[in-house]
Amino acid sequence: MGPFDLGDRVAIVTGASRGIGLAVAERYLEAGARVIISSRKAANIQAAAARLGERFPERVVGLAAHAGDPEAATALVEGAIERFGRLDVVVNNAATNPHFGPILTAESSHWDKILEVNVKGAFWLCRAAAGLMRGQGGGKIINMASVAGISPGTMMGVYSVSKAALIMLTKVLASELAGDNIQVNAIAPGFVKTHFSAALWQNPAIAETIMATTPAGRMAEPAEVAGIAVYLAASASDFTTGAVFVVDGGFTL
């Protein structure tokens, strides 16, 4: 695979028991990487690891971790070292959105939970990984943002704010870590057909609006977001940092 070969790399992908995270992990394994996948529920992540392990034995490990917990972030990095001896790529994909409605109806608990996972959780894992990457001579950090962080998502105000914050966190880290040969970038998917987005695509009225305002005329499948994540994990992107890659079928046009 040349500049897209991940055969020498170890990656952590959070929120990887299904959806985009699982698709990214699978593409990384296909490109030769060894991968730690994580999610909050142990049973779900172990089941996903077992399925991937059938195709990629000895190269995938599932670890339960709460994305908003700084101690869990440290444990994930330590787990990568214990099992594979190094860490080259971090994909902050885990996210939550317990509030759906006008932003003024959001409770304090909604704000706390969304920011804890979507922003602070990503920061904790970045911080835990950055020191190790510095010692290794470089690394890659990929934050899964959203087009909702660029243009407000309907009925997803708090989530939109959190993804806008994640985009700015990406840029700040890219600026501060560039001298350490650590590239930090973000992916901003549009509407992707996953369990996480079910409230949108299972609502006929909302789904119809999405289709009408997306030039591609459909929602994406998780695998269609994973390709850019391979580029951002590989040597092909060594001069790419602080960027936001929109994968939305033209929605933001």
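An account of the accompanying structure is given in this report. Here the structure is a predicted model, which is why all the values come from computation and not from measurement.

Turning next to the packing of aromatic side chains. Here a ring pair, both rings aromatic, is described through the centre-centre distance and the interplanar angle of the planes. Counted under the stated rule, the structure contains four aromatic pairs. Ring centres 5.0 Å apart and planes at 90° place the aromatic pair Phe-191 and Phe-251 in the edge-to-face group. Pair noted here: Phe-191 is in the loop between strand E6 (182–189) and helix H6 (198–201) and Phe-251 is in the segment after strand E7 (244–247), with a separation of 60 residues, a long-range link. An aromatic cluster is present here, built from Phe-4, Tyr-231 and Phe-245 joined pairwise through their rings.

In this section: the nonpolar core. Among the nonpolar cores identified, the biggest contains 35 residues, and Val-24, Tyr-28 and Ile-37 are the most heavily contacted of them. Those elements that provide at least two residues to this core are strand E1 (10–14), helix H1 (19–30), strand E2 (34–39), helix H2 (42–55), strand E4 (89–92), strand E5 (139–144) and helix H8 (223–233). Counting 32 residues, the second-largest nonpolar core is a separate cluster that includes Val-10, Val-77, Ile-167 and Leu-173.

Another aspect to go through is the environment of Gly-149. The residue Gly-149 is located in the loop between E5 and helix H5 (157–177) in this model. Here Gly-149 falls in the buried class, since its relative accessible area comes to 17%. Each C-alpha atom of the pair Gly-149 and Phe-123 lies 17 Å from the other, and the pair is 26 residues apart in sequence. Contacts of Gly-149, omitting those with residues within four sequence positions, involve Ser-160, Lys-163, Ala-164 and Ile-167.

The rules we used
- Residues numbered from 1 in each chain as written.
- Predicted model: local features only at pLDDT ≥ 70, side-chain atom pairs only at ≥ 80, totals over all residues.
- Heavy atoms only, no water.
- Phe/Tyr/Trp six-rings, centres within 6.5 Å; stacked < 30°, edge-to-face > 60°.
- Helix = DSSP H or I, 4+ residues; strand = E, 2+ residues; numbered from the N terminus.
- Core = buried A, V, L, I, M, F, W, Y, C linked by side-chain atoms within 4.5 Å.
- Buried < 20%, exposed > 50% of the residue type's maximum accessible area, 1.4 Å probe, protein only.
- Contact = heavy atoms within 4.5 Å.

Everything listed is a geometric property; what it means functionally is a separate question.
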